[in-house]
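Structural characterization, general
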Amino acid sequence: MNLFAIFSFPFMQRALIAGVLVSLCCALLGVSLVLKRYSMIGDGLSHVSFGALAIAVALGFTPLYFSIPVVVLAAFFLLHMAGNPRWNSDAAIAAVSASSLAVGIMVISRTTGMTTDVDNYMFGSVLAMSRADVILSAAVSAAVLVLFVLFYHKLFAVTFDESFSRATGLNVDRYNTLLAVLTALTIVLGMRMMGAMLISSLIIFPALTAMRLFRSFRGVILCAAVSSVVCFCIGLTVSFVCSTPVGATVVCANLTLFLLSCALRALRR
């Protein structure tokens, strides 16, 4: 079966559109998060999203619409902890992450049990993407990309030197908050495709891969975006051909590219 035949199926078309947009958003935001050592926030938010969707399923709400405000609020909370010197930020984020998973599991066990819908949100499913999910993903992803481009220089400044940015009068807290909110939105969108357990890998791996190949911020941003989209397309295709979970296959594709970039960097040296 050729590639054109694979992507002739409507569910594969929906998965491709939503997945490319989410992968692109994850890659762009992931560079700033990794450089600021905020990558654990992405992992924490993905676990918060699982707890939120479990509660949504139990209450009969639409999971995405319920999860978005919950995860955005969690982003404010985790960002405050990460920037507060009185907190051990890694431990606090890990505590929130574990607590969210525990709440989600408890709610599931006392209500519907591990249904197919919850399983899709945990580990991702290419068949789970509905037309409404694609429309919502496209709209929110477009908003994330537009905001990132508009505030590119501000995010660049707060990523590399917060102290200098404050001294120049830049509202650092506002742009850190913007970064956290955009990350929260992207993670919620990616749950349907990648699963809450694996979506944070799309934030981390493309940034790490690009940092081994380029030194400039713009070069890293562009490389991360391209590698994330390419790895998603490869992972989606392989998952269809080999009947493997799409989320895990995309992560393996990103891992392979990261290892190749490490080998290439070693050869350069």
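Residues numbered from 1 in each chain as written. Predicted model: local features only at pLDDT ≥ 70, side-chain atom pairs only at ≥ 80, totals over all residues. Heavy atoms only, no water.

Focus on the overall build of the chain
The helix and strand inventory of the chain stands at 13 helices and zero strands. For 269 residues, the compact-globule formula gives about 18 Å, and the C-alpha radius of gyration of the chain, at 18 Å, lands near that figure. For the chain, the C-alpha atoms occupy an extent of roughly 50 × 45 × 30 Å along the three principal directions. Counting all 269 residues of the chain, 50% fall into the buried class. Long-range contacts, defined here as pairs at least 24 residues apart, represent 77% of the contacts in the chain between residues at least 6 apart. Here the chain has roughly 12700 Å² of accessible surface; of this, 68% comes from carbon and sulfur atoms. Charged side chains in the chain number 16 positive and 8 negative. The centres of these two groups are separated by 9 Å. (Helix = DSSP H or I, 4+ residues; strand = E, 2+ residues; numbered from the N terminus. Rg over C-alpha atoms; globule rule 2.2 N^0.38 Å. Buried < 20%, exposed > 50% of the residue type's maximum accessible area, 1.4 Å probe, protein only. Contact = heavy atoms within 4.5 Å. Areas by Shrake-Rupley, 256 points an atom, 1.4 Å probe, with all protein chains shown as cover. Lys, Arg positive; Asp, Glu negative; His and termini not counted. Charge placed at Lys NZ, Arg CZ, Asp CG, Glu CD.)

Here's the deal with the packing of helix H2 (residues 10-35) against helix H11 (residues 200-211)
Relative to each other, H2 and H11 sit at 70°, their axes nearing to 7 Å. Put simply, H2 runs roughly perpendicular to H11. Crossing angle aside, the handedness with which H2 passes H11 is right-handed. In contact with Ser23, Cys26, Ala27, Gly30, Val31, Leu33, Val34 and Leu35 of H2, H11 contributes Leu202, Ile203, Ile204, Pro206, Ala207, Leu208 and Met211. (Axes fitted to C-alpha atoms, helices over the stretch in contact; angles between N-to-C directions. Parallel < 35°, antiparallel > 145°, perpendicular 65-115°, else oblique. Left-handed = near helix turned anticlockwise from the far one by under 90°.)

What to know about the pattern of salt bridges
In total, this model carries one salt bridge according to the counting rule given. Aspartate 173 is the salt-bridge partner of arginine 166, the closest N and O atoms lying 3.2 Å from each other. (Salt bridge = Lys/Arg side-chain N within 4 Å of Asp/Glu carboxyl O.)

What about the packing of H2 against helix H12 (residues 217-242)?
It is the contact of H2 with H12, at a shortest axis distance of 8 Å, that shows an interaxial angle of 145°. For the crossing formed where H2 meets H12, the hand is right-handed. Counted by class, the contact of H2 with H12 contains 20 nonpolar, four polar and no charged residues. (Nonpolar A, V, L, I, M, F, W, Y, C, P; charged D, E, K, R; others polar.)

A look at the environment of methionine 197
Along the chain, methionine 197 falls in the loop between helix H10 (172-194) and H11. The partly exposed category is assigned to methionine 197, whose relative accessible area is 25%. Expressed as a C-alpha distance, the spacing of methionine 197 and aspartate 43, which sit 154 residues apart in the sequence, is 8.3 Å.

Here we look at H12
An ideal rise of 1.5 Å per residue puts 38 Å on 26 residues; H12 measures up with 37 Å between its terminal C-alpha atoms. Serine 243, located one to two residues past H12, shows a positive phi value of around 55°. (Expected span 1.5 Å × (residues − 1).)

Observations concerning the confidence of the model for the chain
Averaged over the chain, the pLDDT score is 81; the fraction of residues at 70 or greater is 90%. Considering each helix and strand of the chain separately, the mean pLDDT is smallest for helix H6 (residues 116-123), with a value of 64, and largest for H12, with 90. (pLDDT = per-residue confidence, 0-100.)

A closer look at the side chain of asparagine 254
Inspection of the secondary structure assignment puts asparagine 254 in helix H13 (residues 246-268). The buried category is assigned to asparagine 254, whose relative accessible area is 3%. In this structure asparagine 254 touches Leu202, Phe205, Pro206, Thr209 and Cys231, once residues within four positions along its chain are discounted.

Some thoughts on the side chain of serine 201
Along the chain, serine 201 turns up in helix H11. Under the relative-accessibility criterion, serine 201 is labelled buried at 11%. Setting aside residues no more than four positions away along its own chain, serine 201 makes contact with Met194, Pro206 and Val251.

Let's talk about the packing of aromatic side chains
Within this structure, the stated rule accounts for five aromatic pairs. Measuring from centroid to centroid gives 6.3 Å for phenylalanine 148 and tyrosine 152, while their planes differ by 70°, and the two rings are edge-to-face. Taking relative accessible area as the criterion, tyrosine 152 reaches 18% and is therefore assigned buried. One aromatic cluster is present, formed by Phe148, Tyr152, Phe156 and Phe217 through successive ring pairs. (Phe/Tyr/Trp six-rings, centres within 6.5 Å; stacked < 30°, edge-to-face > 60°.)

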